[in-house]
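Chain and residue survey
Residue-level listing of the chains:
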Amino acid sequence: MHNLQILFIIFVVAACGVLACQKVKEDGVESIRGHVYKAILIAENRFQHGDNKAKFDYVISIARAALPDYLHIFVNEKMLRIIVQSWFDMVKDLLDDGRQTKNALTDR
């Protein structure tokens, strides 16, 4: 009986994970990414040149606010910083020569 309880818990956790992934797709990662891109532009104009920490912290706060409440459980600050940095790196790469030549998550 104990093994069945463990299997049931594993099944419930897996089902919740699948449902969360579907909900993220519905809520639109692209919408969240759009908020981040706008925040990057605002930060570039709002903060002094070279104040990259303040700019990045501002963008992270906007990204955190754009996340649906239920995702705050799954996406911690460190993970959000990695995601936002990868999006920034992709945009920067595109602006360099008009095409994406690097993989932002693996070319570090």
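Structure: see above.
What counts and how
Residues numbered from 1 in each chain as written. Predicted model: local features only at pLDDT ≥ 70, side-chain atom pairs only at ≥ 80, totals over all residues. Heavy atoms only, no water. Salt bridge = Lys/Arg side-chain N within 4 Å of Asp/Glu carboxyl O. Helix = DSSP H or I, 4+ residues; strand = E, 2+ residues; numbered from the N terminus. Buried < 20%, exposed > 50% of the residue type's maximum accessible area, 1.4 Å probe, protein only. Expected span 1.5 Å × (residues − 1). Contact = heavy atoms within 4.5 Å. Patch = residues over 30% accessible without salt bridge, like charges linked within 9 Å, V, L, I, M, F, W, Y side chains within 5 Å. Areas by Shrake-Rupley, 256 points an atom, 1.4 Å probe, with all protein chains shown as cover. Axes fitted to C-alpha atoms, helices over the stretch in contact; angles between N-to-C directions. Parallel < 35°, antiparallel > 145°, perpendicular 65-115°, else oblique. Left-handed = near helix turned anticlockwise from the far one by under 90°. Nonpolar A, V, L, I, M, F, W, Y, C, P; charged D, E, K, R; others polar. Core = buried A, V, L, I, M, F, W, Y, C linked by side-chain atoms within 4.5 Å.

With that settled, consider the pattern of salt bridges. All told, the structure shown has five salt bridges when counted by the stated rule. In this structure, the salt-bridge partner of R81 is E77, at a minimum N-O distance of 3.3 Å. Of this pair, R81 and E77 both sit in helix 4 (residues 77-97), four residues apart, which is roughly one turn of the helix. R81 gets classed as partly exposed once you look at its relative accessible area, which sits at 27%. For E77, a relative accessible area of 37% translates into the label partly exposed. Through salt bridges with shared partners, a single network forms among K53, D57, R64, E77 and R81.

This paragraph deals with helix 2 (residues 29-46). With 18 residues, helix 2 extends 25 Å from end C-alpha to end C-alpha; this agrees with the ideal 26 Å at 1.5 Å per step. Taken together, the buried residues of helix 2 touch helix 3 (52-66) and helix 4.

This brings us to the environment of F56. Note that F56 resides in helix 3. Residue classification places F56 among the partly exposed positions, given a relative accessible area of 21%. For the pair F56 and F88, spaced 32 residues apart in the sequence, the C-alpha separation amounts to 10.0 Å. F56 has contacts with R81, V84 and Q85, leaving out every residue within four places of it along the chain.

Taken together, the side chains of F8, I9, F11, V12 and V13 define a hydrophobic patch exposed on the protein surface, amounting to about 530 Å² of accessible area. Take I9: it is sitting in helix 1 (residues 2-27).

Mapped onto the elements, K55 comes out in helix 3. Leave out the neighbours within four places in its chain, and K55 touches A43, E44, F47, Q48, H49 and G50.

Another aspect to go through is the packing of helix 2 against helix 4. Direction vectors running N to C along helix 2 and helix 4 enclose 70°, while the axes themselves pass 11 Å from each other. Overall, the two elements helix 2 and helix 4 adopt an arrangement that is roughly perpendicular. At the point where helix 2 passes helix 4, the crossing takes the right-handed sense. Residue-level contacts link V29, I32, R33, V36, Y37 and I40 of helix 2 to V84, W87, F88, M90 and V91 of helix 4. Taken together, the residues that form the contact of helix 2 with helix 4 break down as 10 nonpolar, no polar and one charged.

Turning next to the nonpolar core. Counting residues in each nonpolar core, the largest one holds 15 residues, and the members touching the most others are V36, Y58, V59, A63, L67, L80 and V84. The dominant element in this core, judged by the number of residues it contributes, is helix 2, at five residues. Setting aside chain neighbours within four positions, we find V84 in contact with V36, F56, V59, I60 and A63.

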